[in-house]
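# Architecture at a glance
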Amino acid sequence: MERKEWTLGADDSGRRLDRILRRLLAENSQGAILSALRKGLVKLNGKKAQASDLTQEGDILSVAVFLLAPNEDTAPNGDPQSVQAKKARPCPYPIVFENEHLMFIDKPTGISVHDGPDSVAQAFCARTNNSLSFVSAPLHRLDKGTSGLLAVSKSAEGARWFCKNIQSRQIKKFYWGIVLGRLSTQEEWTDKLEINGDKKAAKTVATPLKQGAFDGKEITLVQFQIFTGRKRQIRAQSAMRGHPLLGDKAFGGDISGAPKGVGGRFYLRSMRMEFPENDLGLPPFLEAGEPQDFLAFFKD
């Protein structure tokens, strides 16, 4: 019987075998996978294995070829391929920082993070990574219309660290946005936002950076620091204060009469993240480049 083999990597360590197989044998039902295990069509280190077995880095996984999809990118029996040696496809977005655990990209406006065939999540899911069971993915949300810093996992360790420190608010996040109206002094906004029928606390500190005018209306370039991660938090809280984001139709910032290239979008950018001390090799902070299309509104 022809088999294919893999040497499992660090991101496969400590995982249940059936979870690895669900990704590797995605075209097979759960029942078919369990049957293959019982029949010895799947082996771990040359022995029959059970669904609940926990894998370790360096384990050899072998699978009967007929269980695999025809286009499965794997090495043949007799030539075990370490999954760490697979070559990743180029990242389609500008990279701000990258190491073996995390990547921070500069997401363009108009690109969805999680939904659709052209999303960031789909782009990274399609990349070849160093694991049979771990898939690189975005680690937080940005609205489709928001550009800037976005964290993407490259290892299970990196994903766990980032998610833990986001939840504990040890990672600080700053945005730039252009709002309608004049914001003269720093303000702290604390509100209850309705999220899926529930009221959730939201806290943002808004600091004015520049004042200007557009189409006869006052506008302000604002730095936002968010202390909670509610959906559309900055957009909602800005609108509640009478300062919707420039161009944000959903929250009252419509500029439908604007010149070509200005309308059809809102102006919000993820600019900076600050990190606690860590063993992942992250610097104290990362910044996206200053948005020249934002600054163009404030030229003398």
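Every value quoted in this text rests on a predicted model; they were computed, and no experiment measured them.

Turning next to the overall build of the chain. Within the chain, the secondary structure is distributed over 6 helices and 14 strands. Contacts in the chain between residues far apart in sequence, at least 24 positions, make up 65% of those at least 6 positions apart. Total accessible area on the chain is roughly 15,200 Å²; 47% of this is exposed by carbon and sulfur atoms.

Now for helix H5 (residues 233-240). The periodicity of an α-helix, 3.6 residues per turn, causes residues three or four positions apart to be oriented the same way. For H5, a buried count of 6 out of 8 residues is recorded, marking the element as mostly surrounded by other parts of the structure. All of the buried residues along H5 are Gln-233, Ile-234, Arg-235, Ala-236, Gln-237 and Ser-238. Elements that come into contact with the buried residues of H5 comprise strand E9 (172-180), strand E10 (187-195), strand E11 (198-214), strand E12 (217-226) and strand E13 (268-274). With its phi angle positive at about 80 degrees, Gly-242 sits one or two positions after the end of H5.

Take helix H4 (residues 156-167) next. Between its first and last C-alpha, H4 extends 17 Å over 12 residues, near the 16 Å set by a 1.5 Å rise per residue. Looking only at H4, the buried set comprises Ala-156, Gly-158, Ala-159, Trp-161, Phe-162 and Asn-165. In the core, the buried residues of H4 are packed alongside strand E7 (102-107), strand E8 (147-153) and E13. Backbone geometry just downstream of H4 places Arg-169 in the positive-phi region, at approximately 65 degrees.

Turning our eyes to something else, we now look at the pattern of salt bridges. Counting across every chain of the model gives 12 salt bridges. Note that Asp-18 is salt-bridged to Arg-16, the shortest N-O span being 3.0 Å. Note that Asp-18 and Arg-22 form a salt bridge whose closest N and O atoms lie 3.7 Å from each other. Here Asp-18 and its partner Arg-22 are both found in helix H1 (residues 17-24), 4 residues apart, which amounts to about one turn of the helix. Relative accessible area serves as the criterion here: at 43%, Arg-22 is assigned to the partly exposed category. Put simply, Arg-16, Asp-18 and Arg-22 are held in one network by salt bridges that share partners.

Turning to the side chain of His-243, a few remarks are in order. For His-243, the location among the structural elements is in the loop between H5 and E13. Within polar-contact distance, the side chain of His-243 engages the backbone oxygen of Leu-180 at 2.8 Å. Leave out the neighbours within four places in its chain, and His-243 touches Val-179, Leu-180, Gly-181, Arg-182, Leu-183 and Ser-238.

Within the fold, Pro-108 resides in the loop between E7 and helix H3 (120-125). Separated by 39 residues in sequence, Pro-108 and Ser-147 place their C-alpha atoms 4.9 Å apart.

Here 9 bridges tie E10 to E11, and the two strands are oriented antiparallel to one another. Paired with Ile-195 across the two strands is Asp-198, which belongs to E11. If you look at the hairpin formed by E10 and E11, you'll find 2 residues sitting between the two strands, and Asn-196 has a positive phi there, around 50 degrees. Two strands pair when backbone bridges link them, and E11 and E12 are joined in this way by 10 bridges, in the antiparallel orientation.

A few words on the pairing of strand E1 (residues 3-7). Consecutive side chains of a regular strand alternate in pointing toward one face of the sheet and then the other. Burial analysis of E1 places 4 of its 5 residues in the buried class, the great majority of the element. Across 5 bridges, E1 lies against strand E4 (residues 60-64) in antiparallel orientation. When the bridges of E4 are listed, Arg-3 appears paired with Ala-64.

If you look at the biggest cluster of nonpolar residues, it comprises 22 residues, and the most contacted ones within it are Ile-105, Phe-124, Tyr-175, Phe-224 and Leu-268. Counting only elements with at least two residues in this core, the list comes to E7, H3, E8, E9 and E12. Element by element, the count of residues in this core is highest for E12, at 3 residues. Tyr-175 has contacts with Leu-142, Thr-146, Val-222, Gln-223, Phe-224, Ile-226, Ile-234, Leu-268, Arg-269, Ser-270 and Met-271, leaving out every residue within four places of it along the chain. Residues Ile-20, Leu-41, Leu-67 and Leu-132 belong to the second largest nonpolar core, which totals 21 residues.

Moving on to the confidence of the model for the chain. This prediction gives the chain a mean pLDDT of 87; 88% of its residues lie at or above 70. Note on residues 73-86: pLDDT under 50 across the span, and 38 contacts to partners over four residues away in sequence or across chains.

A separate point is the packing of aromatic side chains. Working definition: an aromatic ring pair is given by the centre-to-centre distance plus the angle between the planes. Tallied over the entire structure, the rule returns 7 aromatic pairs. When the centroid spacing of 5.5 Å and the interplanar angle of 75 degrees are considered together, the rings of Phe-214 and Phe-297 count as edge-to-face. In this pair, Phe-214 is assigned in strand E11 and Phe-297 in the segment after helix H6 (292-295), connecting sequence segments 83 residues apart. The exposure class of Phe-297 is buried, given its relative accessible area of 15%. One aromatic cluster is present, formed by Phe-97, Phe-104, Phe-162 and Phe-275 through successive ring pairs. Between the NZ or CZ atom of Arg-265 and the centre of the ring of Tyr-267, over which it lies, the distance is 4.0 Å. The ring of Phe-285 carries Arg-272 above its face, with NZ or CZ at 4.0 Å from the centroid.

Here is what the cut-offs are and how they apply
- The residue count restarts for each chain, going from 1 along the sequence in the order it is written.
- This being a predicted model, a pLDDT of at least 70 is required before a residue's local features are given, and a value of 80 or more before pairs of side-chain atoms are given or counted; all residues contribute to the totals for chains, interfaces and linings.
- In computing side-chain properties, one takes all heavy atoms of the structure into account and sets aside hydrogens as well as water.
- Labels follow the DSSP assignment, with helices taken as runs of H or I lasting at least four residues and strands as runs of E lasting at least two, numbered in each case from the N terminus.
- Contact between two residues is taken to exist if any of their heavy atoms lie within 4.5 Å; hydrogens are not considered.
- Note on areas: these come from Shrake-Rupley sampling with a 1.4 Å probe, and a residue is covered only by the protein chains present in the view.
- Residue burial is assigned from relative accessible area. The probe radius is 1.4 Å, only protein chains are included, and a residue is buried under 20% of its type maximum, exposed over 50%, and partly exposed in between.
- Here a helix's expected span is defined as the number of its residues, less one, multiplied by 1.5 Å.
- Whenever Lys or Arg places a side-chain nitrogen within 4 Å of a carboxyl oxygen from Asp or Glu, that contact is recorded as a salt bridge.
- Polar contacts, as used here, are pairs of N or O atoms within 3.5 Å; protein pairs need one atom able to donate a hydrogen and one able to accept it. Residues neighboring in sequence count only if both atoms are side-chain atoms.
- Two strands qualify as a pair provided that DSSP identifies no fewer than 2 bridges between them.
- Buried Ala, Val, Leu, Ile, Met, Phe, Trp, Tyr and Cys residues form a nonpolar core when they are joined through side-chain atoms within 4.5 Å.
- For every residue, the predictor reports its confidence as pLDDT, a number between 0 and 100.
- Centre distance within 6.5 Å is the pairing criterion for rings of Phe, Tyr and Trp, where only the six-membered ring of Trp is used; planes under 30 degrees apart are then read as stacked, over 60 as edge-to-face, and the remainder as tilted.
- Whether a charge lies above a ring is judged from NZ of Lys or CZ of Arg, which has to be within 6 Å of the ring centre and within 35 degrees of the ring normal.

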